[in-house]
Amino acid sequence: MKMEVRDLTFYYNKKLVFQNISFSVETGDVLFLLGPNGTGKTTLFKVLLGILRPRSGKILFDNEDMVNWPQRKLARYVGYVPQNIVSAFPFSVIDVVLMGRTPYIGSFSVPSKKDKDIALKTLEELDIIHLKDEPYTKISGGERQLVLIARALTQQPKFLIMDEPTSSLDFGNQVKVMNCISKLKSKFGVIISTHMPDYVLRYATKAAMMKGGRFISYGMPDLIVNKENLKELYNVETKMVSVPIGCMQTVKVCIPY
Amino acid sequence: MLTLNLLLLGVVFLTVGKYPISIKESIMIIANRILPLNLNFPPAMETVVFNVRLPRIIAAILIGGCLSAAGSAYQGIFNNPLISPDILGATAGSSFGASLAIVMSGSIAAIQVSSFLFGLLAVFAACLISVKVKHGNQILILILSGILTSTVFNSLVSLIKFIADPEVRLPAITFWLLGSLASVGLEDVKLLTVPCLTGITMLFLLRWNLNVLSFSDDEAKTLGIDTNRVRLIIIFFSTLMTSAAVSISGVIGWIGLVIPNLTRIMIGPDYRTLLPASFLIGGTYLLIIDTIARTLFPVEIPLGIITSLIGAPFYIWLLAREGRNMS
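Just so you know, these numbers come straight off a predicted model, no measurement behind them.

Thresholds applied
Residues numbered from 1 in each chain as written. Chains lettered and ligands numbered in written order. Predicted model: local features only at pLDDT ≥ 70, side-chain atom pairs only at ≥ 80, totals over all residues. Heavy atoms only, no water. Patch = residues over 30% accessible without salt bridge, like charges linked within 9 Å, V, L, I, M, F, W, Y side chains within 5 Å. Areas by Shrake-Rupley, 256 points an atom, 1.4 Å probe, with all protein chains shown as cover. Salt bridge = Lys/Arg side-chain N within 4 Å of Asp/Glu carboxyl O. Helix = DSSP H or I, 4+ residues; strand = E, 2+ residues; numbered from the N terminus. Buried < 20%, exposed > 50% of the residue type's maximum accessible area, 1.4 Å probe, protein only. 1 Å grid on protein atoms, 1.4 Å probe; cavity = no way out; pocket = protein on both sides within 12 Å on 5 of 7 lines; lining within 4 Å. Points joined across faces, edges and corners; volume = space filled by probe spheres on them. Nonpolar A, V, L, I, M, F, W, Y, C, P; charged D, E, K, R; others polar. Pairing = 2+ DSSP bridges. Axes fitted to C-alpha atoms, helices over the stretch in contact; angles between N-to-C directions. Left-handed = near helix turned anticlockwise from the far one by under 90°. Contact = heavy atoms within 4.5 Å. Core = buried A, V, L, I, M, F, W, Y, C linked by side-chain atoms within 4.5 Å.

A. A nonpolar patch on the surface, seen in detail. All names here are of chain B. On the surface, L8, V12, I23 and I27 cluster together into a nonpolar patch covering about 330 Å² of accessible area. Listing elements by their share of the nonpolar patch, those giving two or more residues are α1 (2-14) and α2 (23-34). For V12, the location among the structural elements is in helix α1. When its relative accessible area of 33% is taken as the criterion, V12 is described as partly exposed.

B. Broad picture of empty space enclosed by the protein. Across all of its chains, the model carries 2 cavities of 30 Å³ or more by this definition. As for the largest cavity, its lining consists of L120, V123, F124, C127, L232, I235, F236 and T239 of chain B. Elements that contribute at least two residues to the lining of the largest cavity include exactly α5 (108-132) and α11 (227-249) of chain B. Residues that form the lining of the largest cavity fall into these classes: 7 nonpolar, 1 polar and no charged. In terms of lining, the second largest cavity is formed by V30, M178, I181, S182, K185 and Y203 of chain A. Sorting elements by how many residues they give to the lining of the second largest cavity places helix α6 (residues 171-184) of chain A first, with 3 residues. Classifying every residue of the lining of the second largest cavity by side-chain character gives 4 nonpolar, 1 polar and 1 charged.

C. Quick look at the layout of surface pockets. All names here are of chain B. Size it by volume and the second largest pocket reaches roughly 640 Å³. Element by element, the count of residues in the lining of the second largest pocket is highest for α11, at 5 residues. Of the residues assigned to the lining of the second largest pocket, the class counts are 17 nonpolar, 10 polar and 7 charged.

D. Focus on the pairing of strand β12 (residues 250-256) of chain A. All names here are of chain A. In the sheet, strand β11 (residues 238-244) pairs with β12 via 7 bridges, with the strands oriented antiparallel. Counterpart to V243 in the pairing with β12 is V251. Adjacent in sequence and paired antiparallel, β11 and β12 are bridged by 5 residues, among which G246 carries a positive phi angle near 65°.

E. Highlighting the packing of α5 of chain B against α11 of chain B. Residue and element names in this part refer to chain B. As a packed pair, α5 and α11 sit with axes 8 Å apart at the nearest point and diverge in direction by 145°. Crossing handedness for the pair α5 and α11: right-handed. Along the contact surface, α5 presents Q112, S115, F116, G119, L120, V123, F124 and C127, while α11 presents I235, F236, T239, L240, S243, A244, S247 and I248. Partitioned by chemical class, the residues of the contact of α5 with α11 number 10 nonpolar, 6 polar and no charged.

F. Representation of the nonpolar core within the structure. Within the largest apolar cluster, 126 residues are counted, with the highest numbers of intra-cluster contacts made by F32 and I149 of chain A together with I63, F78 and I234 of chain B. Sorting elements by how many residues they give to this core places helix α3 (residues 43-77) of chain B first, with 16 residues. Leaving out residues up to four positions away in the same chain, I63 of chain B has contacts with L181, L192, A245, I248, S249 and L286 of chain B. Core analysis: the second largest hydrophobic core is formed by 32 residues, F23, V47, L48 and Y80 of chain A among them.

G. Quick look at the environment of G142 of chain A. Residue and element names in this part refer to chain A. Along the chain, G142 falls in helix α5 (residues 141-154). With 23 residues separating them in the primary sequence, G142 and P165 have C-alpha atoms 9.6 Å apart. If sequence neighbours within four positions are ignored, G142 has contacts with L169 and N173.

Shape descriptors only; they carry no functional weight alone.
Here you go:
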């Protein structure tokens, strides 16, 4: 399945947030979005998720425009993993994950046994089944991020949108989440925002750099994550280094100085 | 089990009061009405059971249950455990409506209709203001609008009290504002049943939506919920229940705040169980409070006073608890 974004533009009142954004993501793709804070990445995600309506441009799923889709239908195509959030109420982990089934159950009904089985299976896949009865408010930040991923997977969407999924995590949990994403990518198209160029080089199949509400470059990660672009994006001098890990495999990393 | 407790209490409390009636007698009196037993009881006894105690017990259960269930729903959609049904101005609006009716005529029916209409009006005013102010945190603006409408209606209540006839009307208003079930009759119960049961049924049908709405608005949308529409429906029915309850009983504060939180601590935040449990525990709570109010002292104590005296310390405890959870 293919998600295609054409000339997407959004502004609040008269303040432009982003304009003429175009890209496409297919099943198996992992598109990383790099860009400084306040450049419109989160707003772009909100438009892709149907929370905000685009002012102009199109979002197509296999050539079908989603502009008049009900929220419920869109939720079956796109799942969202927000930055670490906390509810005011101590819902159990299994209930939070079950909420991913909402687009499939009627307004007046509740999740069935089958829905619960799907949720439990996802928890098992992510190796967090032991958390299922814990209150969501009492587990660690890394575990919470995994629970939010589990919820998005339980939603069984075609595409996943993740807003800086590693930003508040310790090193170990960051690696865990990134590995989990690269394991999942065969089943979904994934769009991720991040501040770590190394992750883009390591895990992305596509990359885009966003600044001032525009894509300043978009394409193969190896080609666009380079000294010049990082300088333009963050105003930081970097050096690109290839590091061998194991036999036959090298990973490119970028070192700021 | 909660239902059983409530029924049992209801029957036991039928016997409590100045006119002595045993449990067996009260059951027989009720059975006599439903089944063709052809038993004879003193007319005074039947009157006490059917026209005084039974309506009052049913009203206490329905009102306590409605205020609690509405409170739990409000807390969910505003994602804040410290919110109560009063927040959108329902109580203040109803108070104004009732005070106005007391000054104008004083008939029971007028008081109920007027307090109900102004309760709804207050909430719609609050919602309208928040829709017109189109920026920033929508929920914060809605709460502020509720506080504003409450302030306006509370001022209007003060104005009415100021100009009301101090011999008859002013005490009547003051008494109503304190909350009481002393004058509840069969007619009131009939008026109460329809909005109460409609409201609780609608909220119960939307119980899963309430769960999802307990997270942020954006998240609920990405999970496929039309948040604006569902939230409006929930606000409408919660307000309907609150206004219906307040129009019969007067202002009985704190139940909508205390009971849902207590229930949440006991059985967890899942609305599939929280909503019915809040209703039942709220009903039980008000039934106990009302029975204490009518029997413990020679003069009836207004319910609002008792629920506030219990509610305020609980709120402080809850605040401290929430503070600990957040840190």
